[in-house]
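Structural description and commentary
The lines below spell out each chain.
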Amino acid sequence: ITWLWKGRFARGKSTLLMGDPGLGKSLLSHWMAAQVSRGGEWPDGGSCEPGAAILFTIEDGLADTVSPRLLAAGADMRRVFAVQGVVDNKDDDEAGQMERMFTLSDHLGLLETAIRETGAIFVAIDPISAYLGPDVNSHNEAEVRQVLGPLSLMAERTGVALCLICHLNKGTGVQALYRAGGSIAFGAVSRLVLGVAPDPNDDAGRRRLL
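Below, the structure is looked at part by part. Because the structure is predicted, anything quoted here is derived from the model rather than measured.

1. Concerning the sheet that holds strand S5 (residues 80-82)
The six strands lie next to each other as S5-S4-S8-S9-S3-S10, forming an open sheet whose pairing is parallel. The sheet terminates laterally at S5 and strand S10 (192-195), the two strands that pair on one side only. This sheet shows a mean twist of 20° between the axes of neighbouring strands, independent of strand direction. In the sheet, strand S3 (residues 14-19) pairs with strand S9 (residues 161-167) via six bridges, with the strands oriented parallel. Bridging across to S9, Leu16 finds its partner in Leu164. The sheet strands contacting helix H3 (residues 104-118) are strand S4 (52-57), S5 and strand S8 (120-126), and the helix crosses S4 at an angle near 155°.

Put into structure tokens, the structure is as follows:
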């Protein structure tokens, strides 16, 4: 296995990053994109291989949230790309163009092209359930696998490290792997599953555990 971040994010494979809203999952993915863009250092030792990063983010504004986070983390902004949608060229002029939501079920080939053209080695999809496709039930294991299976094969072909972000369900008293919102397939197809949780020993309520 070739590691982007040893023990956490592998090249050519998926890592599922899950946690409750507001704990910093998206922030972590943006910080990682910044480290990748400039070949930064990982906090537990080792250097990050430099390359481009592609971000899919539907819950955070690019101008007021994502860009400031990247800049604060010292990102090389020329190497970070955000996907906002897919443009259909129905006519030759701009007036004939129509933008629509990117979905993995319909546009995986476009993502692979973008990875190869930009030299991306890190892709974060936040949240993964929003990008499956309009006809995909995120709670149906077979349907989720039909989307994530080709995504995993694409990661192997390109060597990109995938960060799939998801929220937790409201289950209690079950193994952590079963807390991922939606189908168990999200965790089953991932090489690693990481959770973001508040540190119970931090009285200030600011520290997070990965």
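2. A word on the environment of Arg8
As for its position among the elements, Arg8 is in the loop between strand S1 (3-5) and strand S2 (9-10). Under the relative-accessibility criterion, Arg8 is labelled partly exposed at 24%. Only 2.6 Å separates the side chain of Arg8 from the side chain of Asp44, close enough to count as a polar contact.

3. Remarks on helix H4 (residues 141-158)
For H4, built from 18 residues, the straight-helix expectation of 26 Å at 1.5 Å per residue is met to within 8% by its first-to-last C-alpha distance of 25 Å. All of the buried residues along H4 are Val144, Val147, Leu148, Leu151, Ser152, Met154, Ala155 and Thr158. Buried residues belonging to H4 abut S3, H3, S8, S9 and helix H5 (185-188). For H4, the N-terminal cap is Asn140; the gap from its side-chain oxygen to the backbone nitrogen of Ala142 is 3.1 Å. In the segment just after H4, Gly159 is the residue with positive phi, at about 75°.

4. Some words on helix H1 (residues 25-38)
Its 14 residues give H1 an end-to-end C-alpha distance of 21 Å, which sits within 8% of 20 Å, the value for a rise of 1.5 Å per residue. With eleven of 14 residues buried, H1 lies mostly within the body of the structure. Within H1 the residues assigned to the buried category are Lys25, Ser26, Leu28, Ser29, His30, Met32, Ala33, Ala34, Gln35, Val36 and Ser37. Where H1 ends, the next residue or the one after it, Gly39, has phi of about 65°, a positive value.

5. A short note on the packing of aromatic side chains
One pass over the structure, following the stated rule, counts seven aromatic pairs. Consider the rings of Trp5 and Trp42, whose centres lie 4.7 Å apart with planes at 0°: the pair is stacked. Residue Trp5 is found in strand S1, and its partner Trp42 is found in the loop between H1 and S4; the two are separated by 37 residues along the sequence. Note on accessibility: Trp5 and Trp42 belong to one class, buried. Look at Phe56 and Tyr131: their rings are 5.4 Å apart centre to centre, the planes differ by 75°, and that puts the pair in the edge-to-face class. You can see Phe56 sitting in strand S4 and its partner Tyr131 sitting in the loop between S8 and H4, a full 75 residues away along the chain. The rings of Trp5, Phe9, Trp31, Trp42 and Phe122 are connected pair by pair, giving a single aromatic cluster.

About the criteria used
- Residues numbered from 1 in each chain as written.
- Predicted model: local features only at pLDDT ≥ 70, side-chain atom pairs only at ≥ 80, totals over all residues.
- Heavy atoms only, no water.
- Pairing = 2+ DSSP bridges.
- Helix = DSSP H or I, 4+ residues; strand = E, 2+ residues; numbered from the N terminus.
- Axes fitted to C-alpha atoms, helices over the stretch in contact; angles between N-to-C directions.
- Contact = heavy atoms within 4.5 Å.
- Buried < 20%, exposed > 50% of the residue type's maximum accessible area, 1.4 Å probe, protein only.
- Polar contact = N/O pair within 3.5 Å; in protein donor to acceptor, adjacent residues only side chain to side chain.
- Expected span 1.5 Å × (residues − 1).
- Phe/Tyr/Trp six-rings, centres within 6.5 Å; stacked < 30°, edge-to-face > 60°.

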